[in-house]
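Now for the letters of each chain:
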Amino acid sequence: MNYSLQFRDVFAAWEFLLDGLVLTLELSLVTMVVGLIIGLAGAAGRVYGPQWVSAPIAVYVEAIRNTPLIVQLFLIFFGLPSAGLKFDADTAAMVALSINLGAYTIEIVRAGLEAIPKSQIEAGQSLGLSNVQIFRYVIVFPALRLMYPALASQFILLMLATSVVSQISAQDLFHTASIVQSRTFRDFEVYIVVAAVYLALALVFRLLFAGLYQLIFARR
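Not measured: the values here are computed from a predicted model.

Calculation criteria
- Residues numbered from 1 in each chain as written.
- Predicted model: local features only at pLDDT ≥ 70, side-chain atom pairs only at ≥ 80, totals over all residues.
- Heavy atoms only, no water.
- Axes fitted to C-alpha atoms, helices over the stretch in contact; angles between N-to-C directions.
- Helix = DSSP H or I, 4+ residues; strand = E, 2+ residues; numbered from the N terminus.
- Left-handed = near helix turned anticlockwise from the far one by under 90°.
- Contact = heavy atoms within 4.5 Å.
- Nonpolar A, V, L, I, M, F, W, Y, C, P; charged D, E, K, R; others polar.
- Buried < 20%, exposed > 50% of the residue type's maximum accessible area, 1.4 Å probe, protein only.
- 1 Å grid on protein atoms, 1.4 Å probe; cavity = no way out; pocket = protein on both sides within 12 Å on 5 of 7 lines; lining within 4 Å.
- Points joined across faces, edges and corners; volume = space filled by probe spheres on them.
- Phe/Tyr/Trp six-rings, centres within 6.5 Å; stacked < 30°, edge-to-face > 60°.
- Core = buried A, V, L, I, M, F, W, Y, C linked by side-chain atoms within 4.5 Å.
- Expected span 1.5 Å × (residues − 1).
- Arc of directions from axis to C-beta.

Draft legend 1. Structural context of the packing of helix 3 (residues 51-65) against helix 5 (residues 89-114). Following both chains from N to C, one finds helix 3 and helix 5 inclined at 115°, their axes separated by 9 Å at the closest point. Crossing geometry of helix 3 relative to helix 5 is assigned as left-handed. Listed contacts from helix 5 to Ile57, Tyr60, Val61, Ile64 and Arg65 of helix 3 are Ile99, Asn100, Gly102, Ala103, Tyr104, Ile106 and Glu107. Per-class residue counts for the contact of helix 3 with helix 5 are eight nonpolar, two polar and two charged.

Encoded structure:
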């Protein structure tokens, strides 16, 4: 087999690929924030809420975690218009990714909340702290410290999973790379570059999350 790698045509489309990279980062960052909010609220409701609150959350978590992301994406983008609710590709991608990440985050946060010893909660009560103060100072911060590595890993996996949104023609990095491939016919080169970019993103996110951990938790 005699194959010569030629990246010239691929690198010539760097501005187009950069636009896709920007959307990938936007999807990742927005979804991380929304997913974390869903995770904190959902986990609190599941652990401390009444049955009528915790039961629907449990159903949501199991339904999302046991179905493929691409099916959820298609339901939102192709299915909801039948019910009169239509999203553009980018919005549908953000909604689907946020719903998916939220379910996984709920379970991670729930495990962190349940790992806090009851003795710490009782100590907060003996000091006269309110339930809100106990949740904020005694439960949430130590729980976040325990769950942080799992959350960071899940966030990185989410960033890599954004490539699936290309299936609804959202102009992310993978979709723009596919367009470049169809124009240049340099399949191997295009996907080598894409793989290298995703690898670099994962390593950068890992370093950022590690630095954030040192800033927030390691010095306390």
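Still more to cover.
Draft legend 2. Looking closely at the environment of Met94. Mapped onto the secondary structure, Met94 falls in helix 5. Once the C-alpha coordinates of Met94 and Val193 are considered, the two residues, 99 residues apart in sequence, prove to be 25 Å apart. In contact with Met94, other than residues within four places in its own chain, are Glu26, Leu27, Val30 and Thr31.

Draft legend 3. Up close: unusual backbone geometry. Here the phi dihedral of Ser169 falls at roughly 70°; this positive angle occurs in a residue that is not glycine. Under the relative-accessibility criterion, Ser169 is labelled partly exposed at 45%. Despite not being glycine, Phe185 shows a phi value in the positive range, around 60°. Given a relative accessible area of 62%, Phe185 falls into the exposed group.

Draft legend 4. Seen up close, the layout of surface pockets. The space that makes up the largest pocket amounts to roughly 290 Å³. Lining the largest pocket we find 13 residues, and of these Leu36, Tyr148, Leu151, Phe155 and Leu212 sit closest to its centre. Counting residues per element, the ones that place at least two in the lining of the largest pocket are helix 2 (14-48), helix 7 (131-161) and helix 9 (187-218). By residue number, the principal contributor to the lining of the largest pocket is helix 7, which donates five residues. Each residue belonging to the lining of the largest pocket can be placed in one class, and the counts come to 13 nonpolar, no polar and no charged. Looking at the second largest pocket, the residues that line it are Tyr148, Pro149, Ala152, Ser153, Ile156, Ala202, Leu203, Arg206, Phe209 and Ala210. Those elements giving two or more residues to the lining of the second largest pocket turn out to be helix 7 and helix 9. Each residue belonging to the lining of the second largest pocket can be placed in one class, and the counts come to eight nonpolar, one polar and one charged.

Draft legend 5. Here's a closer look at the environment of Ser54. Tracing the backbone shows Ser54 in helix 3. Given the relative accessible area of 11%, Ser54 is considered buried. Note: C-alpha distance between Ser54 and Ala44 (ten residues apart in sequence) is 8.9 Å. For Ser54, the residues in contact, after removing those within four places along its chain, are Gly45, Arg46 and Gly49.

Draft legend 6. Looking closely at the packing of aromatic side chains. Using the criterion set out here, one finds seven aromatic pairs in the structure. Measuring from centroid to centroid gives 5.6 Å for Phe7 and Phe11, while their planes differ by 20°, and the two rings are stacked. Pairing Tyr148 with Tyr213 gives two aromatic rings, centres 5.3 Å apart and planes at 50°, and the pair type is tilted. Pair noted here: Tyr148 is in helix 7 and Tyr213 is in helix 9, with a separation of 65 residues, a long-range link.

Draft legend 7. Just the nonpolar core, in detail. With 54 residues, the main nonpolar core has Met159, Val165, Ile168 and Phe209 as its most contacted residues. Residue assignment for this core shows that the elements contributing at least two residues are helix 2, helix 3, helix 4 (69-79), helix 5, helix 7, helix 8 (173-184) and helix 9. At twelve residues, helix 7 tops the list of elements feeding residues into this core. Setting aside residues no more than four positions away along its own chain, Val165 makes contact with Leu27, Leu73, Ala93, Leu97, Ala170 and Asp172.

Draft legend 8. Examining helix 3 more closely. Taking 1.5 Å per residue as the helical rise, helix 3 with its 15 residues ought to reach 21 Å, and the 21 Å between its terminal C-alpha atoms agrees with that figure. Taken as a whole, helix 3 has its buried residues at Ser54, Ile57, Ala58, Val61 and Ile64. Seen end-on, helix 3 carries its buried residues on one side only, within an arc spanning 140°. Every exposed residue of helix 3 that faces more than 90 degrees away from the buried side is listed here: Gln51, Trp52 and Val59.

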